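# Topology and contacts: notes
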Amino acid sequence: MTVKMKPYSLLIFDWDGTLMDSAAHITQCMRNAIAVVGAEPRTDAQIRHIIGLGLDEAIQHLYPNLSPSRIREIADEYRQEFLVRTTHGSELFSGARATLYTLAEQGYTLAVATGKSRRGLDKVLDETGLRELFPITRCADETRSKPHPQMLEEILTDCDTRKHDALMIGDSEYDLQMALNIGMDSLAVSYGVHDLEHLRQHQPRGHVDDVTHIPGWLAAQKVINVRR
């Protein structure tokens, strides 16, 4: 029996609201898309709440009674807003880049599980220059949307890693519920789209109030998992 030197070997990050301060940008793009198609407006709070879901699922949450064709209209306009019309997107949270490089240097494998589309994630990975840090990524248009655990299942398979050796890090209930659904530990970040009291309902192992606190939180964890 060999005891691990770290509590986890694989860290799986959400993107929006966890690594990138993108809530305002996403909210504005969705508001613009809704206005273009002439759907009933939604508040910023309503839109922020669905950040983290796949695009179609997010729109369905905003408009439960809307027809599939109208949902596609809003989704198409949102893609145009986010991928084509916007000249300046969002920035990484302060310290996120250095934190990710620190974690990689410490020997953690890093992955991304996001509600973004593949095109959207590739865009921000290229813009930020962080693609090299994430050998494995999964997007909502490639698999089931959060909180279904398929995204995590596929990442674990690709990384040849057990769920008990992985940690999901995210700012939304969808991230934490996805981890709970597969039996994986999660770490909540309190600076994203969902408040801490709401996140605690989904049983994260802990929380951090700043992205730069993640290495310290990991270092403070007791090594309780073993290989048999």
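Please refer to the structure placed before this passage.
Report on the accompanying structure. Small disclaimer: the values here were computed from a predicted structure and weren't measured.

Bringing the overall build of the chain into the picture now. Within the chain, the secondary structure is distributed over 10 helices and 10 strands. Taken along the three principal axes of its C-alpha coordinates, the chain extends 60 × 30 × 30 Å. Counting only residues that meet the buried cut, the chain has 53% of its 228 residues in that class. A separation of at least 24 residues holds for 67% of the contacts in the chain among residues at least 6 apart in sequence.

If you look at the biggest cluster of nonpolar residues, it comprises 31 residues, and the most contacted ones within it are L11, F13, W15, L110, F134, I214 and L218. Every element with two or more residues in this core is listed here: β2 (10-13), α5 (96-105), β5 (109-114), α6 (118-128), β7 (166-170), β8 (185-189) and α10 (214-220). If you look at the next biggest cluster of nonpolar residues, it comprises 25 residues, including C29, V37, L55 and L83.

In this section: the pattern of salt bridges. One pass over the full model with this rule turns up 19 salt bridges. Each of R118, D122, D126, R131 and E142 takes part in a single network of salt bridges with overlapping partners.

Spatial strand order, β6-β5-β2-β7-β8-β9: 6 strands in an open sheet with parallel pairing. The sheet is open, and its two edges are formed by β6 (136-139) and β9 (206-208), each paired on a single side. If you compare each strand with its neighbour and ignore which way they point, the axes differ by 25 degrees on average. Note that β7 and β8 share 4 bridges and pair parallel. Of the residues in β8, the one forming a bridge with M168 is S186. On top of the sheet, helix α7 (residues 150-159) reaches β2, β5, β6 and β7; it is set at about 160 degrees to β6, its chief contact.

This part covers the side chain of T128. Locating T128 in the fold gives a position in helix α6. At 3.3 Å, the side chain of T128 forms a polar contact with the backbone oxygen of L125. Not counting residues up to four positions away in its chain, the partners in contact with T128 are W15, M20, L92 and R97.

Okay, empty space enclosed by the protein next. Throughout the structure, instances matching the rule amount to 1 cavity of 30 Å³ or more. One number sums up the size of the largest cavity: a volume of about 50 Å³. D16, M20, S22, H25, F82, G89, S90, K116, K123, V124 and E127 are the residues that line the largest cavity. The element best represented in the lining of the largest cavity is α6, accounting for 3 residues. Residues that form the lining of the largest cavity fall into these classes: 3 nonpolar, 4 polar and 4 charged.

Below, the discussion takes up helix α1 (residues 23-37). Taking 1.5 Å per residue as the helical rise, α1 with its 15 residues ought to reach 21 Å, and the 21 Å between its terminal C-alpha atoms agrees with that figure. Among all positions of α1, only A23, H25, I26, T27, C29, M30, A33, I34 and V37 are buried. Turning to α1, the residues buried within the fold contact β3 (20-21), α2 (44-49), α3 (55-62) and α4 (68-85).

Turning our attention to the pairing of β2. Burial of β2 is two-sided: the residues L10 and I12 facing one way and the residues L11 and F13 facing the other way are all buried. Looking at chain direction, β2 and β5 are connected through 4 bridges and run parallel. Bridged to I12 within β5 is A111. Judged from the 4 bridges that link them, β2 and β7 form a sheet pairing that is parallel. Its bridge partner being in β7, I12 is matched across the sheet by M168.

Quick look at the packing of α3 against α4 now. Contact geometry for α3 and α4: axes closest at 10 Å, N-to-C directions at 125 degrees. The angle between α3 and α4 places the two elements in the oblique class. For the crossing formed where α3 meets α4, the hand is right-handed. Listed contacts from α4 to L55, D56, I59 and Q60 of α3 are I71, I74, A75, Y78 and R79. Residues that form the contact of α3 with α4 fall into these classes: 6 nonpolar, 1 polar and 2 charged.

What counts and what doesn't
Every chain is numbered on its own, with residues counted from 1 as its sequence reads. Reporting of local features is limited, given that this is a predicted model, to residues whose pLDDT is at least 70; pairs of side-chain atoms are given and counted only at 80 or more, and all residues count toward the totals for whole chains, interfaces and linings. Hydrogens and water molecules were not included; the side-chain quantities draw on all heavy atoms of the structure. Comment: elements are numbered from the N terminus, with helices defined as DSSP H or I runs of at least four residues and strands as E runs of at least two. Each residue's exposure class comes from its accessible area (1.4 Å probe, protein chains only) as a fraction of the maximum for that residue type: buried when under 20%, exposed when over 50%, partly exposed otherwise. Note on contacts: a residue pair is in contact if any heavy atoms of the two residues lie within 4.5 Å. In this text, buried Ala, Val, Leu, Ile, Met, Phe, Trp, Tyr and Cys residues form a nonpolar core when linked through side-chain atoms within 4.5 Å. A carboxyl oxygen of Asp or Glu within 4 Å of a side-chain nitrogen of Lys or Arg is what we treat as a salt bridge. Here a strand pair is declared whenever DSSP counts at least two bridges between the two strands. Every axis corresponds to a line fitted to the C-alpha atoms, with the helix fit spanning only the stretch in contact, and the corresponding angles, defined between N-to-C directions, vary from 0 to 180 degrees. For the purposes of these results, a polar contact is taken to be a pair of N or O atoms within 3.5 Å, where, inside protein, one atom must be able to donate a hydrogen and its partner to accept one; residues adjacent in sequence count only when each atom of the pair is a side-chain atom. Space inside and on the surface of the protein is sampled on a 1 Å grid over the protein atoms alone, with a cavity defined as a set of points where a 1.4 Å probe fits but cannot get out and a pocket as an open set with protein on both sides within 12 Å along at least 5 of 7 lines; lining residues have an atom within 4 Å of a point. Grid points are joined across faces, edges and corners, and a volume is the space filled by probe spheres set on the points. Any residue that is not Ala, Val, Leu, Ile, Met, Phe, Trp, Tyr, Cys, Pro, Asp, Glu, Lys or Arg is counted as polar, Gly included; the first ten are nonpolar and the last four charged. Helix span is expected to be 1.5 Å times the residue number reduced by one. Each angle is binned into one of four classes, with values under 35 degrees roughly parallel, values over 145 roughly antiparallel, values of 65 to 115 roughly perpendicular, and all other values oblique. Crossing chirality is assigned from the near helix's rotation relative to the far helix, an anticlockwise turn below a right angle marking it left-handed and a clockwise turn marking it right-handed.

Such coordinate-based values are descriptive only and should not be taken to indicate function.
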